[in-house]
Amino acid sequence: MIPLIRGIRDIFPPDSDLWRHIKNTAENLFQDFGFSEILIPIMEKTELFKRSIGEQTDIVEKEMYTFTDRDGESTTLRPEATASIVRSYIFHKMYAEDPIRKFYTIGPMFRRERPQKGRYRQFYQIDAEIFGQSSPYADAQLIIMLTILMDRLEVKDTTLHINFLGCFKCRPDFNNSFKKFLIKISDNLCENCKKRAETNPLRVLDCKNESCFQLTAEAPQISEFLCKECKEHFETVCKALKNTNIKFQMNDRLVRGLDYYTKTAFEIQTDALGAQNAVAGGGRYDGLVKLLGGPDMPAVGFAIGFDRLAEIIALNNINYAQKPEIFIAALGKKCIKEAFLWASALNAVRIKTETEFSGKSLKSLMRRACKIGASNVIIIGDQELEKKEAVFRDMNTKEQIGIKLDNPVKNIMEALSKKAL
Ligand SMILES: [Zn+2]
Ligand SMILES: [Zn+2]
């Protein structure tokens, strides 16, 4: 037996049934909001992530799966999706034809984090991004879409956290004031934060260390530094959410470390799995398209942690397996041959049908029909074949009727549609 790589797992039934349910629910919703799917590669040039995520981040410094390809090119398994979507938007000059693009993508990402419960080195994300819209309504729309998705998936006990990070005009003032403040307290910060204070100062605000938390309680707040445009943008987002009855909480520790993040930042947190944790996060990143060599183009998006989302929804204990409408219990060689033909014909017209080719006893076949949750069973043995009439049994009501075998597929479909009436 060859075991799995540490921190990497398989998703199989019943989990994969739940995963399909999540994926379908998300995709249907995104399509209704006018988003199109974008399929991006698993591998990219390492430089893309170094530039977009930042060299001084944990992801780039410690967590990326990077290797030198046979032609000497440094290649990385994607640790997140946004960078690739932006790269694609620029590379194909999508902005020239129509700058407004709304994309979603669902798939695996790779980070070499310390494996622990609920955290995987191959993890999955649901991503949605809007390009070419600077309006605050685009931010609000993404948040609303995310909220509806959580409702549809019955994710309970969620809180929406929002912060506002300013723009290229007003944030430098805040940064200066914040850096001055950090110098005053830096001696007492944790080792991580001492380093962050130099490389990525805002991240000190979301340090999980209790003493760092206390030390930064009196830090200057970005809300005091916002320019007029930022204030208006922020108020419009908040009003749009209020008008759609979406509750939110201001959270001034919700920060993004990098300069290209602007204005709205948001997170959906839940304590469904014990400690309060983010299940989704996003915000505006008006500077990234330009940073990666494209035009000056606004953008906003979010990412949902699929693994954690699935873990939360699994608590609802709902079986998402697709159950067959019909199970054909065929007894004996001749009947198996018939059952095989009928099942194929029914499957071809989208009626979920299963059968068994084992030639086992009726009792054992009925047990299997129950196990897979079939709604109806068709019983066919040599006797039925001779009488030219199979038995159609409703597994809920236990009622039985005969199915004439002159045109079995048509007659089975008729029996099903009569039931539906
Ligand atoms: Zn501003
Ligand atoms: Zn700290």
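Residues numbered from 1 in each chain as written. Chains lettered and ligands numbered in written order. Predicted model: local features only at pLDDT ≥ 70, side-chain atom pairs only at ≥ 80, totals over all residues. Heavy atoms only, no water.

1. Focus: the packing of aromatic side chains
Right, so step 1: Per the stated rule, a full pass over the model turns up 14 aromatic pairs.
Right, so step 2: A ring pair is formed by F174 and F225, whose centres lie 5.7 Å apart and whose planes are at 65°; its orientation type is edge-to-face. Pair noted here: F174 is in helix α7 (residues 171–185) and F225 is in the loop between α9 (210–215) and α10 (228–243), with a separation of 51 residues, a long-range link.
Right, so step 3: Using a relative accessible area of 2% as the deciding quantity, one classes F174 as buried.
Right, so step 4: Ring pairing ties together the aromatic residues F30, F35, Y104 and F302, which thus form one cluster.
Right, so step 5: A cation over an aromatic ring shows up here: R253 above the ring of F213, its NZ or CZ 3.9 Å from the ring centre. (Phe/Tyr/Trp six-rings, centres within 6.5 Å; stacked < 30°, edge-to-face > 60°. Helix = DSSP H or I, 4+ residues; strand = E, 2+ residues; numbered from the N terminus. Buried < 20%, exposed > 50% of the residue type's maximum accessible area, 1.4 Å probe, protein only. Lys NZ or Arg CZ within 6 Å of the ring centre and 35° of its normal.)

2. A short note on the pairing of strand β5 (residues 101–110)
Right, so step 1: In terms of residue burial, β5 counts as a mostly covered element, since 10 of its 10 residues are buried.
Right, so step 2: As judged from the two bridges shared by strand β1 (residues 36–37) and β5, these two strands associate in the parallel manner. Within the sheet, the bridge partner assigned to E37 lies in β5 and is Y104.
Right, so step 3: Examined bridge by bridge, β5 and strand β6 (residues 122–131) share 10 bridges and lie antiparallel to one another. By the bridge assignment for β6, M109 is matched with F123. (Pairing = 2+ DSSP bridges.)

3. Here's the deal with the packing of helix α13 (residues 333–348) against helix α16 (residues 408–420)
Right, so step 1: Where α13 meets α16, the axes come as close as 10 Å, and the angle between the chain directions of the two elements is 55°. Overall, the two elements α13 and α16 adopt an arrangement that is oblique. In this structure, the crossing between α13 and α16 has a hand that is right-handed. Contacts from W342, A345 and L346 of α13 reach α16 at P408, V409, I412 and M413.
Right, so step 2: Tallied by class, residues from the contact of α13 with α16 come to seven nonpolar, no polar and no charged. (Axes fitted to C-alpha atoms, helices over the stretch in contact; angles between N-to-C directions. Parallel < 35°, antiparallel > 145°, perpendicular 65-115°, else oblique. Left-handed = near helix turned anticlockwise from the far one by under 90°. Contact = heavy atoms within 4.5 Å. Nonpolar A, V, L, I, M, F, W, Y, C, P; charged D, E, K, R; others polar.)

4. Points about the domain arrangement of the protein chain
Right, so step 1: Domain assignment breaks the protein chain into domain 1 (15–170 + 226–314) and domain 2 (326–416).
Right, so step 2: The C-alpha centroid of domain 2 is placed 48 Å from the C-alpha centroid of domain 1. (Domains from an automatic or database assignment.)

5. Quick look at the coordination of the zinc ion (ligand 1)
Right, so step 1: Within the first shell, the zinc ion (ligand 1) binds the protein through C167 (SG), C170 (SG), C227 (SG) and C230 (SG), at distances of 2.2 to 2.3 Å.
Right, so step 2: Angles of 104 to 115° at the metal separate the four donor atoms of the zinc ion (ligand 1), which places the site in the tetrahedral class.
Right, so step 3: Mapping the donors of the zinc ion (ligand 1) onto the primary sequence gives the spacing C-x2-C-x56-C-x2-C. Taken together, the residues C167 in the loop between β7 (158–164) and α7 and C230 in helix α10 connect sequence positions 63 residues apart. Both residues of the pair, C167 and C230, belong to the buried class. (Donors = N, O, S within 2.8 Å, 3.2 Å for Na, K, Ca; no water. Tetrahedral: all angles 85-135°; square planar, octahedral: opposite > 155°, others 65-115°.)

6. What to know about the coordination of the zinc ion (ligand 2)
Right, so step 1: Ligation of the zinc ion (ligand 2) by protein atoms is provided by C190 (SG), C193 (SG), C207 (SG) and C212 (SG), these donors lying 2.3 Å from the ion.
Right, so step 2: Seen from the zinc ion (ligand 2), its four donor atoms lie at angles of 104 to 116°, and the figure they make is tetrahedral.
Right, so step 3: Read from N- to C-terminus, the donor residues coordinating the zinc ion (ligand 2) fall into the pattern C-x2-C-x13-C-x4-C. You can see C190 sitting in the loop between α7 and α8 (191–199) and its partner C212 sitting in helix α9, a full 22 residues away along the chain. For the pair C190 and C212, one class covers both residues: buried.

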